[in-house]
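For reference, the chains in residue letters:
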Amino acid sequence: MPAVSSRLPVFPWDKLEPYKATAAAHADGIVDLSVGTPVDPVPDHIQRALIAAADSPGYPTVWGTAELRDAIAGWAERRLGAASVAHTNVLPVVGSKELVAWLPTQLGLGPGDRVAYPRLAYPTYEVGARLCGAEPVVYDDPTELDPAGLKLLWLNSPSNPTGRVLPKEDLVRIVAWAREHGVLVFSDECYLELGWEADPVSVLHPDVCGGSFDGLVAVHSLSKRSNLAGYRAAFLVGDAAVLGELLQIRKHGGMMTAAPVQAATAAALGDDAHVAEQRERYAARRAALKGALEAHGFRIEHSEASLYLWATRDEPCWDTVAYLAELGILVAPGDFYGTAGAGFVRVAFTATDERVAAAVKRLGAAAA
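Notes on the structure in this doc start here. Just so you know, the residues in each chain are numbered from 1, in the order the chain's sequence is written. Side-chain atom pairs in this predicted model are given and counted only at pLDDT of 80 or more, local residue features only at pLDDT of at least 70, and totals for whole chains, interfaces and linings cover all residues. With hydrogens and water excluded, all non-hydrogen atoms of the structure serve as input to the side-chain values.

## Focus on the overall build of the protein chain
Then, number 1: When helices and strands are tallied, the protein chain shows 12 helices and 13 strands.
Then, number 2: Radius of gyration means the value over C-alpha atoms here, while the globule rule gives 2.2 Å times the residue count to the 0.38 power. Over its C-alpha atoms the protein chain spans a radius of gyration of 20 Å, differing by no more than 12% from the 21 Å that the globule rule assigns to 368 residues.
Then, number 3: Oriented by its inertia axes, the alpha-carbon framework of the protein chain measures out at about 60 × 50 × 50 Å.
Then, number 4: Only protein chains enter the accessibility calculation, which uses a 1.4 Å probe; a residue is then buried when its area is under 20% of its type maximum, exposed when over 50%, and partly exposed in between. Per-residue burial over the protein chain gives 53% buried out of 368 residues.
Then, number 5: Whether two residues are in contact is decided by their heavy atoms: any pair within 4.5 Å suffices. Summarising the internal contacts of the protein chain: among those between residues at least 6 apart in sequence, 76% fall at separations of at least 24. Numbering of helices and strands runs from the N terminus; a helix is a DSSP stretch of H or I covering at least four residues, while a strand is a stretch of E covering at least two.

Right, here's the structure in full:
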């Protein structure tokens, strides 16, 4: 039996291990700004909701509780500006990475089909295409793609890794093009609530979609905005026909969000205060790291949203990774996200205040 893994690229993070060891050897310890995993506490009210639902001996439903669907729909209307979101327009998923990786397979795609995603992008878009045998295609502007055989178009705004935000007028143009050619659009908007120098807009906003969700699905996650990466809490909002089909497939596949996590998700979506508090933490860390990197001679491009700074010293990315590792700072090389990133590194600002301060101090001392 041929190994499915043979279709996939080498898992990129394994390449970073030697540099992680170098950074960890620093006298003051490592400052890990590579993966971008949340480090701040899960808000108390979310923990309480999880604990209150801990006595859950029965199987949860794939579609989620009515309370969860209400919470998702209400949040989408309140925060995305989406209009008339019904239960048929929402679907909880077991973390957004699972969804990205297995969506092409669940849509029935395979050899002869094409899946498109940005030239600089989260690697799992490509993985999803390869898992089902479809052809992965990168783009700079999706409307310049040949639509023949193009079955799935991924948008990602705000972008991981660059933090770039697509302007509303570009979204309008892309959605119109996709609908004209019958291309299904999935918009990864997991960082939408983390705009710094731009105001990200959802594809489900009436100004973009014209009040219709036809051919459009938005992907959202609670990992970063609510510190719930460990809960695997994410959801979809959009075209009822597409989500209805996915619901049936996921029922057969047993892709159920755990009942306590469903309760915690509903609690998280019902409260905006904790998101504002977390934004303040990230804003302060972002400002500190951005200032320190620029003072050190780095140039920051895009980065108007998300949890990352897209930084360059105009040298090969692995040289930058090695240089910063000697300072005890670990970052992600830009070529993890495509060959177009070969001159950049992605710097996450998800470390603790203490670790961010350590990075700032080291950069300042090295620049002196």
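## What about the layout of surface pockets?
Then, number 1: Throughout, the protein atoms alone are placed on a 1 Å grid, and a set of points is a cavity if a 1.4 Å probe fits but cannot get out or a pocket if it is open with protein on both sides within 12 Å along at least five of seven lines; lining residues have an atom within 4 Å of a point. Grid points are joined across faces, edges and corners, and a volume is the space filled by probe spheres set on the points. Empty space within the largest pocket amounts to approximately 1,100 Å³.
Then, number 2: Lining the largest pocket we find 42 residues, and of these Trp 13, Lys 97, Tyr 122, Pro 123 and Thr 124 sit closest to its centre.
Then, number 3: Those elements giving two or more residues to the lining of the largest pocket turn out to be α4 (96-106) and α5 (124-132).
Then, number 4: A total of 4 residues in the lining of the largest pocket trace back to one element, the largest contributor, which is α5.

## A few points about the pattern of salt bridges
Then, number 1: Definition used for salt bridges: Asp or Glu carboxyl oxygen within 4 Å of a side-chain nitrogen of Lys or Arg. Scanning the model with the defined rule gives 21 salt bridges in all.
Then, number 2: With a closest N to O distance of 3.1 Å, Asp 141 and Arg 173 form a salt bridge. In this pair, Asp 141 sits in the loop between β4 (135-139) and β5 (150-156) while Arg 173 sits in helix α6 (residues 168-181), placing the two residues 32 residues apart along the sequence.

## Topic: empty space enclosed by the protein
Then, number 1: Evaluated as defined, the whole model comprises 3 cavities of 30 Å³ or more.
Then, number 2: Contributing to the lining of the largest cavity are Trp 75, Glu 189, Cys 190, Leu 192, Glu 193, His 220, Ser 221, Leu 222, Arg 225, Phe 235 and Leu 269.

## As for the nonpolar core
Then, number 1: The nonpolar core is taken to be a set of buried Ala, Val, Leu, Ile, Met, Phe, Trp, Tyr and Cys residues, with the residues joined through side-chain atoms within 4.5 Å. Ranked by size, the top nonpolar core spans 69 residues in total, and within it Trp 154, Phe 186, Leu 236 and Ile 329 carry the most contacts.
Then, number 2: Considering every element that reaches this core, the biggest residue donor is helix α11 (residues 317-326), with 5 residues.
Then, number 3: Ignoring any residue separated from it by four or fewer positions in sequence, one finds Leu 236 in contact with Asn 89, Val 90, Leu 91, Val 93, Leu 99, Phe 186, Val 217, Ala 218, Val 219, Leu 243 and Leu 246.
Then, number 4: Counting 47 residues, the second-largest nonpolar core is a separate cluster that includes Val 175, Leu 192, Val 208 and Leu 269.

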